[in-house]
Structure formats: C-alpha cells, structure tokens
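Tertiary structure, described
Chain by chain, the residues:
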Amino acid sequence: MPLLTIRDLKVSYSVRGLFRNRSETTAVDGVSLFVGEHEALGLVGESGSGKSTLGRAALLLIKPRQGSIVFDGVDMLDAADHRNTSAIRKFRREAQIVFQDPYGSLNPRMKVGRIIADPLYVHGIKDRRLVKDKVLKLLDLVGLPASAYDKYPFSFSGGQRQRISIARALSIGPRFIVADEPVSSLDISIQAQLLNLFREIQEKEGVSYLFISHDLRTVAFIAQRIAVMYLGRIMELAPKTELITRPLHPYTRLLLSSVPSKDRHPSEQREQADVPVTGCVFYPRCASALDICRETSPRLREVSPGHEVACFLYENK
Ligand SMILES: Nc1ncnc2c1ncn2[C@@H]1O[C@H](COP(=O)(O)OP(=O)(O)OP(=O)(O)O)[C@@H](O)[C@H]1O
Ligand SMILES: [Mg+2]
C-alpha cells in the first residue's frame, strides 16, 4: 500500500476582483497520484501550474474542493471533517514541509536550537535534555556545526538556512516531506550540496518525498518517479529514466528540450498561460494537436506499466 494516495483532487482559489466581484481559479484540477513508502516522487512544471497548491493540499494546509487524500490507510479529509484529532495529530507529525524561501520560513527572533526543537515541543515532548540531544544530532545530520544551536538565523547563508529548515522538518521523525522548490533560490553550487543532502536523508531516514521543482534536472536527481504538471493537471507520470528517455507528452518533450534559465527566480517567470475553456489545457501550445484536442480533455491513462500520459496521441495504442 502506498504511503500517500491522492484521488481526483481539485483545489480552487476564490479571488476578489477590482469591483468586489469574486471569481474562482482552479489551481489543481482532478489530480490522482501516489507516493510509495521510502519513495521520492518528483513534481515538475512551469510557474503557475499548481505544484505548490497540490503540495499544500496534500498536507491539508489548503482545503480541497473535491477528492480524497489517504495517508497510511486513513482518509485524511474524512478525518478532518469528523474532527478525528488523533488521526490529524499523527498526520501533522508524520507529514512535514520544507519551503522555498530560506529567509521567510525561519522565525528571525528564535535561536536555531529552538527553531529545530519547535515541532518536538508542539507535539508534547518536554524533556529538555532529550530535545537538546535530538537537535544536536539533527544539526550534525544536516551538516551544520553544534555552535549553530545558540545562533539566530541571520548569521546563516541561504544554503545554511535551508539546512536548518530541513532539520526542523526532520525533528519529529516524519515519514513524508513535501519539499517545495527547496533549492530554487540558491546558487547552483549550493543547490548541488543540498540535493545531495536530500538524497542522503532519504537513504538514512527512509522518508518519502513529494519533491517539487520547475527544473526537470533537479527533480530527476532526487526522484524515482516524476509527475509532469501543466495548468492544474498531470500530463505525464512515469519512472524517472523512462520519462527522460521516452517522453510521450508534447509538454514533457518541450520541458526536456528547453534550456532552463538559471538566473531568474521561478516566481518572476510567471506568465499568464492561455487557458482554453474546453479540450486539452495544453492545446494552444501543442505542435501535435489533433481536432479532438480542442473539444475534449484527455484523461491520464496508463500506456505501459507505470507510465501514464494524458494525450490523445496515445489513445487506442
Ligand atoms: N493564494 C492564492 N490566491 C489566489 N490564487 C492563487 C493563490 N495561490 C496560487 N494561486 C493561483 O493558483 C495557480 C497555481 O499556483 P501555484 O502557486 O500552486 O503554482 P506553482 O506551480 O507552485 O508555481 P511556481 O512555480 O511559481 O511556484 C496560479 O494560477 C496562481 O496564480
Ligand atoms: Mg510554487
């Protein structure tokens, strides 16, 4: 049984317009996927495709409009609706997040030792000696000196701050971590060090990841399987090597052929994509579009073992 199974998840934002009129944006539109125990699933797609929304909804940080999220055999949306507090508390312990921004995500007024210990205190672990020992072990695990314990976040670089965030996410011993663009804001050389750390942690601690990035090479370094997202939908999902050597979806092919821009922050690359009302969301940009693509939205289908694609080019095959 997978650790996390998401079925037909829809997440919408209600946006207030200039004239107080409300409109809905569907950021995640019917996504189904699973993350296995000890597995890293990569989630890739350009800015605005709904990656963060999906990651946050998977952790119950945003309420989905529709769908189900089953973690370790328990339907979490059901648990939330029925105020099943013990199930929710277990989930809050076992599922953690590492954010993109190493500056905004750490409380500047707390010392590093306290920041990392916080989840332990929140979950009722009170023995100070035990907590300190645990925090020192975590500092070592993420490659920071023990002296970091008594310092404030401002004394650390972006890369070191991400190490602090990782230590905090690990402190309570999670089984699942959503890592949302955790290296995107860092220099290339620091990115490589942190990606190695993520990999090491997966091996040592046996955690599962939903590892989000707009850069296919970054997710390919970490993930065993990769899901490609475009405008709220999964376009293709396959084992890593299969996806890279045998990409099927025209959008995956486009991602593989495009040279990633190294010097722009992903949120600065946000451009308003052209969203068609009917048909395939990728239709307006697709070089291989058929007539049917304009009218009907393709479903994600398995075309070979473990390889799913949502594209009419592969229907009837
Ligand atoms: N808080 C919000 N309120 C309203 N709309 C939002 C909100 N957050 C995201 N959106 C919209 O939802 C869609 C998906 O956004 P999301 O941040 O999930 O994408 P992303 O793939 O993580 O992008 P990026 O690579 O820039 O981080 C976008 O159209 C975005 O404008
Ligand atoms: Mg995002």
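Residues numbered from 1 in each chain as written. Chains lettered and ligands numbered in written order. Predicted model: local features only at pLDDT ≥ 70, side-chain atom pairs only at ≥ 80, totals over all residues. Heavy atoms only, no water.

1. Things to note about the site of ligand 1
Counted only if it meets this: If even one non-hydrogen atom of a residue comes within 4 Å of a molecule or strand, that residue is called near it. For the purposes of these results, a polar contact is taken to be a pair of N or O atoms within 3.5 Å, where, inside protein, one atom must be able to donate a hydrogen and its partner to accept one; residues adjacent in sequence count only when each atom of the pair is a side-chain atom. Throughout, the Shrake-Rupley method with a 1.4 Å probe supplies accessible areas, and for residues the shown protein chains are the sole cover considered. Secondary structure elements follow DSSP: runs of H or I no shorter than four residues count as helices, runs of E no shorter than two count as strands, and numbering proceeds from the N terminus.
Lining the immediate environment of ligand 1, one finds 13 residues, of which Ser47, Gly48, Lys51, Ser52 and Thr53 sit closest. For ligand 1, an oxygen atom lies 2.8 Å from a polar atom in the backbone of Gly48. Within the side chain of Thr53, one N or O atom sits 2.4 Å away from an oxygen atom of ligand 1. Compared with its free state, where it exposes 630 Å², ligand 1 has 70% of that area covered by protein. Only β1 (4-16) and α1 (51-58) provide two or more residues apiece to the shell around ligand 1. The element contributing the most residues to the shell around ligand 1 is α1, with three residues.

2. Here we look at the environment of His82
Under the convention used in this document: Three labels apply to residues, based on accessible area from a 1.4 Å probe with only protein chains included: buried if under 20% of the type maximum, exposed if over 50%, partly exposed otherwise in between.
Positionally, His82 belongs in the loop between α2 (76-81) and α3 (85-94). Residue His82 is classed as exposed on the basis of its relative accessible area, which comes to 58%. Of the polar contacts made by the side chain of His82, one reaches the backbone oxygen of Asp78; its length is 2.9 Å.

3. Things to note about the packing of helix α6 (residues 158-170) against helix α7 (residues 188-205)
Helix packing geometry: the angle between the two helix axes and the distance between the axes. What counts is decided by this rule: In this analysis an axis means a line fitted to C-alpha atoms, helices contributing only their contacting stretch, and an angle means the value between N-to-C directions, from 0 to 180 degrees. In what follows, roughly perpendicular refers to angles from 65 to 115 degrees, roughly parallel to angles under 35, roughly antiparallel to angles over 145, and oblique to any angle outside these ranges. Handedness of a crossing is defined here by the sense of rotation of the near helix relative to the far one, left-handed for an anticlockwise turn of less than a right angle and right-handed for a clockwise turn. Here, residues are in contact when the closest pair of their heavy atoms is within 4.5 Å.
Packing of α6 against α7 brings their axes to within 10 Å, and their N-to-C directions diverge by 15°. When the axes of α6 and α7 are compared, the pair comes out roughly parallel. Handedness of the α6/α7 crossing: right-handed. In this structure, α6 contributes Gly159, Gln162, Arg163, Ile166 and Leu170 to the contact, and α7 contributes Ile190, Gln193, Leu194, Leu197, Phe198 and Ile201.

4. A look at the confidence of the model for the protein
Basically, it comes down to this: Per-residue confidence from the predictor is reported as pLDDT, a score between 0 and 100.
Averaged over the protein, the pLDDT score is 91; the fraction of residues at 70 or greater is 94%. This model gives residues 261-272 a pLDDT under 50, and the stretch forms 15 contacts once residues within four places in sequence are excluded.

5. A few points about the pairing of strand β7 (residues 176-180)
As a reminder of what qualifies: Being paired, for any two strands, means DSSP has found at least two bridges between them. By convention, a crossover is right-handed whenever its connection, traced from the first strand over the helix to the second and viewed with the strands pointing away, goes clockwise.
Among the five residues of β7, five are classified as buried, and the element is accordingly described as predominantly covered. Neither face of β7 is left uncovered, since the one carrying Phe176, Val178 and Asp180 and the one carrying Ile177 and Ala179 both have all their residues buried. With five bridges joining them, β7 and strand β8 (residues 208-213) adopt parallel strand pairing. Following the sheet pairing, Phe176 is matched in β8 by Ser208. Between the parallel pair β7 and β8, the chain is carried across by α7, and the sense of this crossover is right-handed.

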